[in-house]
Structures are given as C-alpha cells and as structure tokens.
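For reference, the chains in residue letters:
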Amino acid sequence: MSVKYREHKGLNLPNVAKEVLEKWKLENTFEESVNTRDENKPFVFFEGPPSANGMPGIHHVMGRAIKDIFCRYKTLKGYRVERKAGWDTHGLPVELSVEKELGITKEDIGSKITIEEYNAACKKTVMKYTDVWNKLTEDMGYWVDMSDPYITYENKYIESVWWLLKEIYNKDLMYKGYTIQPYSPKAGTGLSSHEINQPGCYQDVTDTTVVAQFKANTNDVLPENTYFLAWTTTPWTLPSNTALCVGPKIEYVLVKTFNQYTGDSVNLVLAKALIGKQLSGKYVLANEDLTIEDFSLGDKKIPYAVEKEFLGSDLVGVTYEQLLPYALPHENPEKAFQVISGNFVTTEDGTGIVHIAPTFGQDDAQVAKDFGIPPMLVLDENENPVPLINLQGKFRPEMDEFAGLYVKNEYYKDGDAPDKSVDVLIAIKLKEENKAFKVEKYVHSYPHCWRTDKPILYYPLDSWFIKISEVKSRMAEINKTINWKPKATGEGRFGNWLEGANDWNLSRSRFWGIPIPIWRTEDGTEQICIGSAEELKNECQKAVEAGLMDNNPLASFEVGNMDKSNYETFDFHKNYVDAIILVSPNGKPMKREADLIDVWFDSGSMPIAQRHYPFENQELVDNKGFGQADFIAEGVDQTRGWFYTLHAIASIVFDRPAYKNVISNGLVLDKNGVKMSKRLGNAVEPFENLSTYGADATRWYMITNAQPWDNLKFDLDGITEVQRKFFGTLYNTYGFFALYANVDGFSYSEEEVPLNKRPEIDRWVISKLNSLIQDVEEAYEIYEPTKAGRLIQGFVTDQMSNWYVRLCRRRFWRGDYTEDKIAAYQTLYTCLETVSILSSPIAPFYADQLFNDLNQVSKRHSEKSVHLTNFPIVDKNAIDKDLEERMSIAQKVSSMVLSLRKKENIKVRQPLQKIMVPVLDQDFARRIEAVKDLILSEVNVKELELLEDTAGVLVKKIKPNFKTIGKKYGKHMKAIIAITNQWSQDDIILLDKNNGWTGEIEGDPIALEMEDFEISTDDIPGWLVATEGNYTVALDETISSALKNEGIAREFVNRIQNLRKESGLEVTDRIQLQIKSDDKINLAINDNLNYICSETLANSLDLVEKIQGEKVVFEVENGVSAELVLSKV
RNA sequence: AGUCCCUUAGCUCAGUUGGUUAGAGCGCUACACUGAUAAUGUAGAGGUCCGCAGUUCAAAUCUGCGAGGGACUACCA
C-alpha cells in the first residue's frame, strides 16, 4: 500500500481553486474535455459577446456560472461542447469613452480628428480590459475558448453581417423611412438622447402658446360651431397638424360660450377637469345675472354654460376642419384630421386634447401610425416626401406668406430676426380667424443643442428599417418552439414584445460600427446592397471603369482566399467605405448611406458571423447544426437585446429559432435588494470575492440561493454559510473517509461487495444516492441548476454526513478488516465519488480535487479530471423506495426519542431500557422492525417493543382524509368533519370492524371506506409519549443500576476519547489507564471494563488507590468526580 | 405610459394536481451530542402567506381589482 488518500489540513477553497487551475493548465483539461468527445455529438452553445471596454462585475460571475454549468454537464453526458468566446466591440459606449479619453466631441470627428484616426482609437480602446476579463474567466472557472474569439470589428465578421443584411434586403424586408429625432437645424445634425440629456441642454424659455380651436364637423353628438380646444407650446407645428388626441377614459364637456377675440358664439370641447383652468379670468359660469344671451363683444365678463358631457372614447373618429390649410399630406389625406385616442393624454395641463403633428413629435408619430393617420409630408421637387419645414428650419414654399421664414427666431443671424416670430404671426392669424381661444406667453423647459445653444426641433430623419411588422407573426410562431427558462419570460415578456414589435430601426449616425452596406443615387431612384467583399470589389471595378473612382480600393483583396492577411488588405469601416463611390445600372454615381448599423445587429449575427459563414464553415453550419444553439443564457435585460436580435435574424433569414433552450437570469442586487452601482458603493468586486471565498463557494451560493431567473440578493454571509455547511461537510466527510481508509489501506481493490450482502444502511444510502443521480440529472436536463444544487447539498449534509456517517462511524474505526468494513468503505467511497461528479458542473474546482483525491488511490477511472468522466448512470435496481421509507421512519422515530430524552433531561449517553411503538398496520410493523437496530443505537436504548392494539390500551385518533372524501362528498365536508370529531374510541373501533361508515347527511347517503380515514395513536396511557404525524413513541425512563453504571462507563469513554484527542494521539495508538478507585464508580467500571478498553484502545485499565503521573480530574455526574491518568503505551 | 416579473418567520428561500396543525436554513435563547465536522440534535421565541373581493365544502395555491418593489421599452448599447 503505497499511495494514500490525501489528508488536508483545513479547507481553503481559494487555494483549492489555485491548485486545480494549475493542473488544468498543465494537463490542458479544458481542451481535453472538448476533444475527447464525439465530433458527431455536438452540443452547440453560443457565448454572448461582452463588451471589453468596461470592467466585469459580480453579475458576470452569475451569468457565466449558469453558462458553465450546462456546458460542463453536457460534456459529462458525452457531448462535444465547443465554446467560442467573443467580443462586442462597436457602439456608443466605446465611442463615448474614446471621446472622453481624447477630450473631443462628436462634432470634432471629421475636423479635428479624422474618422480613420478616431476609429483606430476606438479599436484600441475596445479591448482595453481584455486581460481583466480573461482573468475573471479563469478565476471563476469558466471554461470558454479565449484563444480564437470572434471580434465584431474584424472584416470577416463584418462580411458575414453584410451577407445577412443582404439576405434580408433581398427578401424585400428593408426600407428607408424616417423617425422623429432631436435635430439641430443650426448644426444640421441629429442629436442622440444622450446629447439631449447633457446638463445645460434643457433651458427655460418663454414661448407664445396657443389654445387653438379646431372646428368639428357636425354630427349627431356635436352641434354647429363646435370647436375642439388643443393647447400647444409650438404654434409652428400647427400647420402640420393631422389629428387630435383624447384620453379614452377622460371625461369631456361641451361648453357654450363666446370667443374673446371675435365675440363669436362657440361650443367648445375640452376635458371636464380643465374647465377651471381654461375658462378663467373673464369667463364666468352663466347664472341669473349673466345669461348666455346677454353677451356682446367688449363686455368684461364672458358667460359660459356646460351643455353636455361625454367620454374621450365617444369622440374618437369625429373629423374636423384643417386648422391651417396650406398643404395636405401626400398620402391618404382623407384619413387626416380626425380625433384619435392615446393613453398618454393627461388632464394636468392644456385642455385634455392634444394636437398631433406626426412629423414633429415622437409620441405624435407613434400614435398617428397606430391609428393610420398620415403625417404632414408633401412631395418636394424630386417627388420625395418632406415635412413642411426644411432642414435649415425654414417653412417650405407651400406655406405661402410664411414660406422661407425660420420657425424659431433664434435661427436667424444676430440682428436679422424679425420683430414677430412665426409663433406670434400664427397666433395673430388664428385670432383673426376665430381659431384661437387663448394666446399666452408661457415659460417652460425646452431642449437646446449643446453646441450651438439654439433650440432643437424634433424632426423626421432618414433611417433604414427592417420590416419586422411583416414577419413578426412568423417570429412569434417560431418562438413557441423555444424552451424558455423561465417560461413566463418567453411567453409573456418576449412573446408580447414580438406581437407588438415595431420595425427595427437599423440606422445609427455614429462612426465606430458596421456601415450600412447600401449605396444609393442622389435622387434615391437606384440603390445596391452589398453582401460580400467580392461583390464590393466587383462593383468598385465597375465604378473605376465608369470613371467614378481612380482605382479599386479592394484591388489587393484576393477573392476566395480566406487567409487573415488577405482580409487585412482593406477595412470595412466608415472611414474606408465612405470613400467608395459605385455606379448604378443607369451610370449614375451611388454614395453609401451615411449611417451605421445598430450594434445589436452585430451581436445578433454571431451564430453565423463567428464562423464567417457562408464564406467559410458551410458544412458545419448547414449540416452539423452549428448555426443554431442548443443553449444560450444571458441576463433578462437581453430579452429585447440579444435574445431578440438573434431571434429576429434567424427567423427572417433561416426561418428557424437561433436557440432551442434559453435561460434568462435575473439581476444581482446587493443584500438589501438594491441594484449594485459604483455610485452607491455597494458593488461587489468580483476578484476580491473570488480570492476570499473561492469560485466554488461563490458559484454554489449563487446557484442554490435563488432560482437563476429571480433576482439574487447577494449577501456575503450566504457564501460563508455555503462554505461551512456544504463544502465544510463534504470536506469533513472525505477527511473522515481518508483517515480510516489510510489506516486500513482501503484502495477499492477488493471485489465489489454485492448490494444484498451489504447492511441495510449501506443499501439505503446507495438507494438514496441513485435517487439523487436520477433527480439531479433531471434537474440539469430541464435547466434547473438551483434544484440540482439543492438536491446535492441535501444529500451531502443530511443523508450522507449526518445520517450515514454518523451511524456508521464505528464500522470504520472498530474491528478487523472484514467484509462489513469493506462494504462500508466501498459505500462511502461511491457516495463521495458520485457527489464529486454530480457537483462538478457547479463547483468545478473542489469537485475535481475531491475526485482526484479519491481516484489517485483507487485508480478506478483512467481520466485525470472529473470533467473528463461521464455522468453516473442510475442503477434503478438499487433504488428501493420502501427502504428509503423505512429509513425515514427510523430518522423520525429517533428524532422523537431524542426529543423525549430532552424533555426529561436524560442524556443520550445514559442508556435506557426500552421504547415502545404502537403499530396499527402490518406494513409499518415490518418496516420499523427492519430498522430497529439503527434506531436503538442512535438513541441509546436497549429494546424496541412493537405494541399491537390487542388489548385496546392505545388511545386512537381519527382524521378524515380530506382529499378522498372531498372528491366524493365535497358539499358535506363540514358535516362529515363534525361527525368524525365526535367519535369516541368505541366508534373508532366500530369503524374498523365495519370496515367503513355509512350514514346520511341532509338526505344524501354517505358511504366512507377505511381509506377515507387515517387512524393513528394519540397516547399510551401511563407512558411518556411523543407524537408526530402518524408516529407515536413511548419511552421507558426507568434507569436501573446496571443502566446507570453503563451510563457512567460511557461517560468515561467519552472523556478518555477527548483526552486522547487533546494529547495528540493517533487514532491507532494504544494506551494504558489508571483511575482512582472510588466506590461510586468502581462497579460501573468493572462491569464495563471490556467495553471501555476496546472503545478507547486501552491495553489496561487499573483502578488504583493512588494514581501516578499527570492526572486529569473531571465530573462524571452531579457531585461525582473521577481522577484519571492516561499514558501512551 | 406600456409589457413582464416579484411579494411566505428578523434574513435567505421551499411549498407538488387547491386538502388536515404553512416548512427549511441562517440568526437569537437554552440544553445536549461528537476520536470526521468549521458540523449536528432537541426545545423555545418568531407568520395578517402584501391588501381587498370572488370561485369553492376547502385558497399561500385559482380569478379579478389594488398596493409596494424590480426589470425592460419610450430610438444611436
């Protein structure tokens, strides 16, 4: 026996991780775990690309632990799980951090710094923290191939993205439209919401506001001369009005009164809640002194009277006359000028009716679109639809007397501004035409361009869209085939989102990203979408031949050559491709559309772009399923991010789901449930955490504490608990095993002791173990890691450690190396080894160490790591539910006896004579008989007596079985309970005799059988009794003198064992004992001499009058102390 | 504003198809057990199962309304 089980000095999980990590590196364990698996049995996993320009947080540990668990699990199941890492490299955060770094702004790009230089800086910055990320990956034990990651800025990647986009383009699912965006006419550029939110952008300004009167077309509800009142702070948008919006649930009134400027009699519609606000000042409610008829223009008071009330929904569909008829929408003008409804309408200010100008407001555009209301777009000289205001911020020619005027005076050069702004002119015009109810100055906060300091407009700007609206029903259908964890996220949040999905706005007016590969003629009549480098090269060639370009920028690119170097001969980024001018079929020059693609399209393309499909890896993607993930996992915040874009692209292009199983995990909050942020200082630093507690404890805590999709309240005390409770117990169980297996030289070299030759407790724990394998496998299979972890933890702490080992201790450390002992070793070994495999996906480091500690001696596996083994196969024959039930009885009964002892203050060390258990059915009798010895030894009692109720001494209790009776006689349940509650002991005996009960309740015949009742014993008169559920136990508490002495002997054994331990003796050392003679204990010792000696490995025990050597004094029981000397032989 | 999720002991969480007295761990108190244990056992204290209404013989569980918390979307992640 040369190799021994490693005996560790204390459990240090961070060190374990370090040691195992070294081993993995040395042995290439990760590569092995992939390469040794069957190539034809792939399990496809997609790694969502993190952005490496920010530091990782503790939530990344959570997300990656989930990914890792299932990849490792599937590996154990024999799948080949390749995991290609990736980096998300484009997008606004990168650009912002570069701008900050260089001290420049978006405006400087192209002037102070070239786009080329700027993009180079972005490229450099984006990978700033790769090392940190790689370290986190390693430290937390996340296995992913970092050696060859996909990077979204690489030309190969972009080429695949372009290919996808062209596929979508070819399906006629792309179009150029517009969205309403903040726009600065002075700067001539759109602004991002980020720019709008910069401090100082919102400034208080005084604007001319108008409450306009929109004349309703008469109908059943509304009389002649009825006007809708709508308030606006931007009168310049009134010519572009195409609808009015009411709140469907808001109450409106019809008010009869007069226009203060013209004196005309008018009927006004406005929200009831705003009468006071609008009809104030001059306006007074008509009364006896001032009737409606009395008014004439010039009077100081204007009477009004409320005529009618209605709900907003009643007004929907009513049409009205255009307020300022300069132009009509070029499309569907007949649908314009009607009342629609929207939930965003409030009665906080204004009139409760909102003027809608779809071309100049985001909400406006949305609500108009929902109701099919056309925006005020007219056709320009080139037949392109444009709004009534041009890009300089001036009214178009259609606006007659207003044509050419800036809509805001601020846009004029200093000194050039007219006295009266457009807003004022419009207000005057409306007043004169009986179209203005009220004109007022109003101070409000309005966004300004941070660069020019001029007010911005919300303006329709060109964007490219994917027609999601056309494919969303198919997307919803495909979504139904995806297994979402949790289900509700897929069906609810994601499903609903799909149903209501808007077209996908792809355009981003930034610099660092994938350019939209569309080239277009100036008049927009011809365009081309480029889908590959080859195509671009060919098109460039045509352009060169047409004389539009001097040379072909892709001249040195060799078509079909997939070498990296070949793909570095050009650059697909904006700085490069914007210089390319292509030629249209009609010979016109085509320029690239200036925008970039939404970065979400980048990451959504990764299933194929990571493999440069279809230019490379066609076989893998087309025939081996690598274009479709078996499994992905990300945070729930990705529902409308990555999950969505993956799904959209795969659905549109391939008509299949991008992933079959998906876990969307919740957030990691601090222990008070507050989101972690640097600002609050409550963020947990992942590296510090990992080095303090170790990856295993952190991962185990995260996974077992809450379901992944619930938010995790991250509490360090929780990790400590896991460390102590789960890993501590597992470690100690192994330590116990190793200690004695080394003493006995157990190396699992003996023949396996057949199950039927092993004792009941061995078969029990093996049965439990196999149940565990089955349950854990199922939990992993349905992507429930929390369940798996909790099951394993329960087995380790409750079954294996606190029951099996506890009850079997003496089998390990007493007696010869018999078959029983070998069985015990084999059993415990099997448990430990199986646990190491089952828990390895969650706790990869510790599990590997445990596995190797065991395997190093036994050599049962040829694999050098637990992660290279196979998931254990359930031995269904070993599962014996009856046995598990029996043991559960033993556990319960033991616990009850211990509780009785406690109640009577009798130490467990004091043996007692007898317990009695009433049995009411033979099944129970058989079961408890089988585990009798275990119970007796656990509770330190000599006999167990089964009490059959022959004499009728047992007091019985009866409980109706609600489940079975409820089904039959639900209505009479209460009556039945009332009856059975009154039954006496005799009634219960009678029930037994008659094998049921029949009767009548409210005229209905009732027939109850024995299975409708549960009969249990309540009490055994004259005994100390504990009852729990259906079990009852009685304890004989008389202590005879023999028992008393045995108790004293056990007390001695306990003290001597403790002494041995304290003196640092090895478990195998033999000792000799001297005890000072004392009448009170002599008998107890002499009667149990053999017992004491064999328990404590004492060669001799002498009772002496005077003891020699260093004595120890202790109290045996109240008032009796003993003196003892222990010496090593 | 919309969509979705969550709410059970001081804390973290279980709670099967509705069914008997709603559980576990941590923490607290006391006592015990232990030649594996950083463990463990027993007992005690601790509950308006967020609220209201409904369905039902029976609701933590199903339905509706509401409250509180959270996430996402409201255009350049």
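Reading guide: rules and limits
Residues numbered from 1 in each chain as written. Chains lettered and ligands numbered in written order. Predicted model: local features only at pLDDT ≥ 70, side-chain atom pairs only at ≥ 80, totals over all residues. Heavy atoms only, no water. 1 Å grid on protein atoms, 1.4 Å probe; cavity = no way out; pocket = protein on both sides within 12 Å on 5 of 7 lines; lining within 4 Å. Points joined across faces, edges and corners; volume = space filled by probe spheres on them. Helix = DSSP H or I, 4+ residues; strand = E, 2+ residues; numbered from the N terminus. Nonpolar A, V, L, I, M, F, W, Y, C, P; charged D, E, K, R; others polar. Buried < 20%, exposed > 50% of the residue type's maximum accessible area, 1.4 Å probe, protein only. Phe/Tyr/Trp six-rings, centres within 6.5 Å; stacked < 30°, edge-to-face > 60°. Lys NZ or Arg CZ within 6 Å of the ring centre and 35° of its normal. Core = buried A, V, L, I, M, F, W, Y, C linked by side-chain atoms within 4.5 Å. Contact = heavy atoms within 4.5 Å.

Colleague: What am I meant to see in empty space enclosed by the protein here?
Modeller: Which parts of space are left empty comes out when a probe the size of a water molecule is rolled across the atoms. Enumeration according to the criterion identifies 3 cavities of 30 Å³ or more in this entry. Here the largest cavity defines a volume of roughly 60 Å³. Contributing to the lining of the largest cavity are Leu164, Gly604, Ser605, Pro607, Ile608, Gly627, Leu646, Ile649, Ala650, Phe654 and Ala658. Going through the elements one at a time, helix H18 (606-609) and helix H20 (642-654) are the ones with two or more residues in the lining of the largest cavity. Of the residues forming the lining of the largest cavity, the biggest block, 4 residues, is contributed by H20. Classifying every residue of the lining of the largest cavity gives 8 nonpolar, 3 polar and no charged. Taken as a whole, the second largest cavity holds about 40 Å³ of empty space.

Colleague: I tried to follow unusual backbone geometry on my own but got confused; where do I start?
Modeller: Excluding glycine, most residues fall at negative phi; most peptide bonds, likewise, are trans. Omega for the peptide link from Tyr613 to Pro614 comes to 0°, which places this bond in the cis form. Locating Pro614 in the fold gives a position in the loop between H18 and helix H19 (618-623). The residue Asp172 is not glycine, and still its phi comes out positive at about 65°. Position of Asp172 relative to the elements: it lies in the loop between helix H7 (155-170) and strand S3 (174-184). Even without being glycine, Asp655 reaches a positive phi, approximately 55°. On the accessibility criterion, Asp655 (39% relative accessible area) is partly exposed.

Colleague: Would you take a moment to explain the packing of aromatic side chains for this structure?
Modeller: Two measures describe an aromatic ring pair: the distance that separates the ring centres and the angle between the ring planes. Scanning all chains against the criterion turns up 61 aromatic pairs. Ring geometry for Phe737 against Phe746: centres 6.1 Å apart, planes inclined by 85°, an arrangement best described as edge-to-face. Overall, the relative accessible area of 0% leaves Phe746 in the buried class. Here the aromatic cluster, defined as three or more aromatic residues joined through ring pairs, consists of Tyr5, Phe736, Phe737, Tyr740, Phe746, Tyr748, Phe812, Tyr817, Tyr825 and Tyr829. Its guanidinium or amino end placed over the ring of Phe654, Arg656 lies 4.4 Å from that ring's centre, counting from NZ or CZ.

Colleague: Sorry if this is basic, but what is going on with the nonpolar core here?
Modeller: Grouped burial of nonpolar side chains is what soluble globular proteins tend to show. Judged by nonpolar contacts, the single largest core of 133 residues is most densely connected at Tyr5, Phe737, Tyr780 and Tyr804. Residue contributions to this core peak at 12 residues, all from helix H23 (residues 716-744). Not counting residues within four places of it along the chain, the set of residues in contact with Tyr5 comprises Tyr734, Phe737, Ala738, Ala741, Asn742, Phe746, Ser747, Tyr829, Asp853, Leu854 and Val857. In terms of nonpolar packing, the next biggest core, distinct from the first, is built from 70 residues, Val161, Phe494, Ile518 and Trp519 among them.

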